[in-house]
Amino acid sequence: MKHYELWYTKEAPFGQEDFHLFRHGRRSPDDGWEKWSLPLGNGYMGINVFGRTETERLQITENSLENPIAFNAKYPGGNGGLQNFCECYLDFGHTEIQNYRRSLSLNHAVAKTEYICNGVHYTREHFASYPDRVFVTKITADRKNALCMTVRPEIPFVSSYLMEEGDGMGKTGTVQVSENKITFSGVMDFYNILFEGQVLVLPEDGELISHEKTVEIKNASSVLLLIAVGTNYKMENRIFTEKDPKKKLAPYPHPHDRISEILEIASQFSYEKLLKRHVADYASLIERASLDLGGKIPEIPTNLLHQNYKNGNADRYFEELYFTYGRYLLIASSRPETYPANLQGTWSRYASSPWSSGYWHNINVQMNYWPAFNTNLHELFLPYMQYFNAYRPAAENYADLYIEKHFPENLTEKGTNGISIGTAANLYRTTGVDTPPSGHSGPGTCAFTAKLFTDYYEFSMDERYLEEIIYPANYGVATLLSKCMEEQPDGKLLVKYSASPEQRHDGKYYWTKGCAFDQQMAYECFHDTILLAEALGKEDDFIRNLREKLEKLDPVQIGASGQIKEYREEVHYGDIGEYHHRHISHLVGLYPGTIINRNVPEWLRAAEYSLTERGDISTGWSTAHKLNAWARLKNGKRAYDLLNMLLSKCTLPNLWDSHPPFQIDGNFGGTAGMAEMLLQSHEGYLHLLPALPDEWKNGSFDGLTARGGFTVSATWENGTANEIKVISSAGKPLKILAGDAWIETETEKGEILHFSRKENGWTKI
Ligand code: FUC
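The paragraphs below set out a description of the structure included in this document.

Cut-offs applied
- Residues numbered from 1 in each chain as written.
- Predicted model: local features only at pLDDT ≥ 70, side-chain atom pairs only at ≥ 80, totals over all residues.
- Heavy atoms only, no water.
- Helix = DSSP H or I, 4+ residues; strand = E, 2+ residues; numbered from the N terminus.
- Rg over C-alpha atoms; globule rule 2.2 N^0.38 Å.
- Buried < 20%, exposed > 50% of the residue type's maximum accessible area, 1.4 Å probe, protein only.
- Contact = heavy atoms within 4.5 Å.
- Areas by Shrake-Rupley, 256 points an atom, 1.4 Å probe, with all protein chains shown as cover.
- Lys, Arg positive; Asp, Glu negative; His and termini not counted.
- Charge placed at Lys NZ, Arg CZ, Asp CG, Glu CD.
- Pairing = 2+ DSSP bridges.
- Axes fitted to C-alpha atoms, helices over the stretch in contact; angles between N-to-C directions.
- Near = heavy atom within 4 Å.
- Polar contact = N/O pair within 3.5 Å; in protein donor to acceptor, adjacent residues only side chain to side chain.
- Arc of directions from axis to C-beta.
- Salt bridge = Lys/Arg side-chain N within 4 Å of Asp/Glu carboxyl O.
- Core = buried A, V, L, I, M, F, W, Y, C linked by side-chain atoms within 4.5 Å.

## Quick notes on the overall build of the protein chain
Consideration 1: Scanning the protein chain from N- to C-terminus turns up 17 helices and 32 strands.
Consideration 2: Its C-alpha atoms give the protein chain a radius of gyration of 26 Å, near enough to 27 Å, the size a compact globule of 765 residues would have.
Consideration 3: For the C-alpha atoms alone, the extent of the protein chain along its principal axes is close to 85 × 70 × 50 Å.
Consideration 4: Taken over 765 residues, the protein chain has a buried fraction of 64%.
Consideration 5: Across the protein chain, the fraction of contacts at a sequence separation of at least 24, relative to all contacts at a separation of at least 6, is 66%.
Consideration 6: As presented, the protein chain carries roughly 27100 Å² of accessible surface, and 48% of it is formed by carbon and sulfur atoms.
Consideration 7: Each charge class in the protein chain can be summarised by its mean position, and for the 77 positive and 98 negative side chains these summaries are 1 Å apart.

## Regarding the sheet that holds strand β1 (residues 5–8)
Strands pair in a sheet through their backbones, by hydrogen bonds, and they do so in one of two ways: parallel or antiparallel.
Consideration 1: Read from one edge of the open sheet, 9 strands run β1-β8-β9-β10-β11-β18-β15-β14-β13, paired in antiparallel fashion. Since the sheet does not close on itself, it has two edges, and those belong to β1 and β13 (171–178), each with one partner. Geometrically, the sheet is characterised by an average inter-axis angle of 15 degrees between neighbouring strands, direction not taken into account.
Consideration 2: The sheet contact formed by strand β8 (residues 97–105) and strand β9 (residues 110–117) spans 7 bridges and is antiparallel. Paired with L104 across the strands is A111, a residue of β9.
Consideration 3: The sheet contacts of helix α4 (residues 256–266) involve β14 (181–188), β15 (193–203) and β18 (222–231), and relative to β18 the element is tilted by about 150 degrees.

## Here's the deal with the site of the ligand
Consideration 1: The full set of residues close to the ligand is L343, W355, N362, N364, E502, R582, H583, W621, H659 and Q663.
Consideration 2: Side-chain polar atom of H583 to an oxygen atom of the ligand: 2.6 Å apart, as the coordinates give it.
Consideration 3: Between the ligand and the protein, one listed contact pairs an oxygen atom with a side-chain N or O atom of H659 at 3.0 Å.
Consideration 4: In the complex, the protein chains occlude 96% of the 290 Å² of accessible area that the ligand would expose alone.

## Concerning α4
The α-helix advances 3.6 residues per turn, and as a result positions three or four apart in sequence lie on the same side.
Consideration 1: Listed as buried for α4 are I259, S260, I262, L263 and A266. The buried residues of α4 occupy one face: seen down the axis, they fall within an arc of 160 degrees.
Consideration 2: The secondary structure elements touched by the buried residues of α4 are β14, β15, β18 and α5 (271–286).

## Re the side chain of N48
Consideration 1: Turning to its location among the elements, N48 is positioned in strand β3 (residues 46–49).
Consideration 2: A polar contact is formed between the side chain of N48 and the side chain of S37, at a distance of 2.9 Å.
Consideration 3: With near-sequence residues (within four places) excluded, N48 lies in contact with W33, S37, L38, P39, R57, L58, Q59, W347 and W656.

## Observations concerning the pattern of salt bridges
Consideration 1: Across all of its chains, the model carries 39 salt bridges by this definition.
Consideration 2: Of the charged contacts, one joins E458 and R707 as a salt bridge, the two residues approaching to 3.7 Å between their closest N and O atoms. Of this pair, E458 sits in helix α10 (residues 444–460) while R707 sits in the loop between β26 (699–706) and β27 (710–717), and the two are 249 residues apart along the sequence.
Consideration 3: Salt-bridge contacts for E486 lead to K513; the nearest nitrogen and oxygen are separated by 3.3 Å. With E486 in strand β20 (residues 485–487) and K513 in the loop between β23 (508–509) and α12 (516–536), this residue pair connects regions lying 27 residues apart in the sequence.

## Here's the deal with the nonpolar core
Consideration 1: Y328, Y369, F453, L688, F701, I724 and I736 are the most contacted members of the largest nonpolar core, which totals 218 residues.
Consideration 2: For this core, the element with the most residues is helix α9 (residues 382–406), which contributes 12 residues.
Consideration 3: Other than its neighbours up to four places away in sequence, I736 contacts L686, L688, I724, V726, A741, W742, I743 and F755.
Consideration 4: If you look at the next biggest cluster of nonpolar residues, it comprises 14 residues, including V110, V134, L200 and A228.

## Points about helix α13 (residues 541–550)
Consideration 1: Buried residues of α13: F542, I543, L546, K549 and L550, and no others. Seen from one end, α13 has its buried residues packed into an arc of 115 degrees, which puts them on one side. Summarising the geometry of α13, the exposed residues directed more than 90 degrees from the buried face are D541 and E548.
Consideration 2: Where α13 is buried, its residues touch α11 (466–483), β21 (493–495) and α12.

Next up, the structure:
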């Protein structure tokens, strides 16, 4: 893999990012955390490194330290959610600085800060180790005994309330020191979360002085810090079924022993050994896929490279870097046995995070996982499957209640009414499907989620979770959807209480019957459930019934303007709802769905019309969704326009996506979209370079993944592919469209196939 690094010649400012101010309409300057700090993570924790010389700031997040999602009458602005775990300050007092540089290596997932102060070269290296569950910092001086510093962790937002006295969202916390260990622990009131973090301070030589809340190091040559954090949260069924917030975590032990043990074990390794274990683990994921567009390693810092890009000097390295960064961010925020990536991945410095840092199921959380499938990071979706397993009984209960209330004639025994997944969710609570008038997204949200499970299976061909999770998820969602449809006089089956996410008409959320979002998603889900049943050799009355229902869904309708109708009652494009609304929910059958494809050219044309009318200018994730949609329309120029816009207008100097504010979904959607421009597999075959823009005339990619369990590498020149390598993990038949020629062959499990372009087509070599 090429050398990929974000680097800067200035430290990240402390900044003033106060989300409360943002919420109340007064954007405060946010030059610190959101724009300039560099994120690290291992799923267990997220760390933002500022690279400051006088006082370094390491800001730590742990996903389960949450208040409830509080979008309620009391707090209409939306408060609560994920909260900053710790601000760990390192006081160096270095002010006269030369040769400053800070960086984040995407090859090794290591952040580095270096500079010269008083003739001494200081270096800091930081990484978040997944195998050892610790955050590691090593600070070195190149002159013996020249390192003096104080380690000073603080618990942010300790207060008896969050917004106002008596709101029940207070937090207590204390910092204590025992020799070379600093422990910061407390209780977050609402869910009674017991939290603790520990910093182990290990100087190489010099003197260690323990103060009440800090540890001071004098005259050392290097210092190693090991940090672990945790809470008594466990992602289990009871969290979601227990209604009393105070009882959810009641059976689980205080995290103290676990954190102590993690540090005890990690401290037996040398720094070099910890680094080696971390790099081996990380490299096994990041190196699986890469993209070479001919970019040259730049000699200017990343913020200037970005500035040049914005000024119209689009640079191939910058695009490659963005692609790699999306994969890096997913590795840093979604590892098996930890938590799924949330709206900000796993990073929050706030008392109340934007949209609570929740799992939002009408686009955001789905987008997080798109690159897991086509960029060869399949197992990073496991945390969501584990989350689903934990909330499943609650989702079944929501389905019972929903059907009982709205479709009593379809109510069956408790637990057999399907699975209901509404828009809002976090680690403590999910919701059932939205209902009018206050909700805003139809039950298609459930199928939008189930699609991820199908994609996981189709891309990885991993059968381990098929019977236990993937099939039941689809079956459950199909069950719910089939119960909330109404047969029309013309025989069509339409979702009743249907809404195209967040679309408003005359200032109100618009509820109707059978909008495109719900019908398309229902179609995808019924179709997938039947396929999965076939894969498992299962057949029952319900599956037979789905086959009949599928025919009646009428998921795509073309209107008088030639548009895909967002609503059945719409005549011309834009009759109902906002013309340029950021959601393109009527095109989910184009992407991430698959029904709008080349077999129905008139649907593709209508999708193109609708996408064009919707316009390009939008928020971060919306731009990323449009990029994927244009890729599926096989329009390299337009896909590239959107990519360019995403990178120029919706990307911060630390390359985080900006909605605004910072949301991680656009990063993930952007990375997936770049892969989608180069390889597609939703039409029953692999399509190589389906949306190649002129800007990417020559290049190669390595290790992208396609449905059927294929891993693909390819090179191209002057816009034409000349070499293809395919690894077949499942031994499925292989069909590729590359240029104007087809490749068709049987494969065996584990077989590696090479093809070379000759004048009259492709030859197997
Ligand atoms: C959905 C989007 C918003 C925002 C929020 C977190 O509701 O429509 O734009 O991204 O999620």
